[in-house]
Amino acid sequence: MNNTNLIGRLTKKAELYQTPDKKTYARFTLAINRKKKAGGTGSEADFIPCIIWGKAAENLVNWTDKGALISLEGELKTRNYEKDGQRHFVMEVWSNFFQVLAKPNQATDN
């Protein structure tokens with residue numbers, strides 16, 4: 001089973017795109033806090049690249065901005081590509097569903 005649930009903040013406003021066959025999607029990155037190792041204080045962030053599809057992509061772009069706290073359901077996808085003679089490996093979360101938990105100016109404990 002490949003199921004991923006994340007809660008994090010948008011690092012910048014999501015950008016809307018369209019595939020050659022007219023499917024709508026948005027790309028964005030989620031900053032997700034995690035606790036530091038034993039003995040450390042505070043937290044560190046992981047930056048997770050995400051793609052969301054269809055009407056949910058349009059809603060994400062229209063309803064959120066940098067700093068919005070969202071929950072995201074999706075699955076991990078991997079791909080490889082070559083650019084300038086270099087081979088690159090990418091892991092992303094692909095989603096069709098999100099929920100806004102807090103706007104950027106709302107204080108939360110996260």
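See the structure shown above.
Described in the following lines is the structure provided in the data block.

Conventions used here
- Residues numbered from 1 in each chain as written.
- Predicted model: local features only at pLDDT ≥ 70, side-chain atom pairs only at ≥ 80, totals over all residues.
- Heavy atoms only, no water.
- Core = buried A, V, L, I, M, F, W, Y, C linked by side-chain atoms within 4.5 Å.
- Buried < 20%, exposed > 50% of the residue type's maximum accessible area, 1.4 Å probe, protein only.
- Helix = DSSP H or I, 4+ residues; strand = E, 2+ residues; numbered from the N terminus.
- Contact = heavy atoms within 4.5 Å.
- Pairing = 2+ DSSP bridges.
- Phe/Tyr/Trp six-rings, centres within 6.5 Å; stacked < 30°, edge-to-face > 60°.
- Salt bridge = Lys/Arg side-chain N within 4 Å of Asp/Glu carboxyl O.

Turning to the nonpolar core, a few remarks are in order. Counting 18 residues, the largest nonpolar core has Phe-28, Leu-30, Ile-52, Leu-60, Ile-70, Leu-72 and Phe-98 as its most contacted members. At the level of elements, strand E1 (4–10), strand E3 (24–35), strand E4 (43–53), helix H1 (54–63), strand E5 (69–83) and strand E6 (86–102) are the ones that each hand at least two residues to this core. What Phe-28 contacts, discounting residues up to four positions off in sequence, is Leu-10, Ala-14, Ile-48, Pro-49, Cys-50, Ile-51, Ile-52, Leu-60, Ile-70 and Leu-72.

Right, let's get into H1. Among the residues of H1, Ala-56, Ala-57, Asn-59, Leu-60 and Val-61 are the ones counted as buried. Its buried side turned inward, H1 meets strand E2 (15–18), E3, E4, E5 and E6.

Glancing now at the pairing of E1. Where E1 and E5 come together, six bridges link them in antiparallel fashion. Within E5, the position partnered with Asn-5 by the bridge is Glu-73. The sheet contact formed by E1 and E3 spans two bridges and is antiparallel. For Leu-10, the partnering residue across the bridge sits in E3 and is Leu-30.

Counted under the stated rule, the structure contains four aromatic pairs. On the numbers, 5.2 Å between centres and 55° between planes, the contact of Trp-53 with Trp-94 is tilted. Of this pair, Trp-53 sits in strand E4 while Trp-94 sits in strand E6; the two residues are 41 residues apart in sequence, bridging distant segments of the chain. Residue class for Trp-94 comes out partly exposed when judged on its relative accessible area of 27%. Clustering of aromatic rings is evident, with ring pairs tying together Tyr-17, Tyr-25, Trp-53 and Trp-94.

It is worth spelling out the pattern of salt bridges at this point. Counted under the stated rule, the structure contains seven salt bridges. For Glu-92, the salt bridge is made with Arg-27, and the minimal N-O distance between the two is 3.1 Å. Of the two residues, Glu-92 sits in strand E6 while Arg-27 sits in strand E3, which places them 65 residues apart along the sequence. Assessed through its relative accessible area of 2%, Glu-92 is described here as buried. A salt bridge links Arg-34 to Asp-46; the nearest nitrogen and oxygen atoms lie 2.6 Å apart. In this pair, Arg-34 sits in strand E3 while Asp-46 sits in strand E4, placing the two residues twelve residues apart along the sequence. When salt bridges that share partners are traced, they join Arg-27, Arg-79 and Glu-92 into one network.

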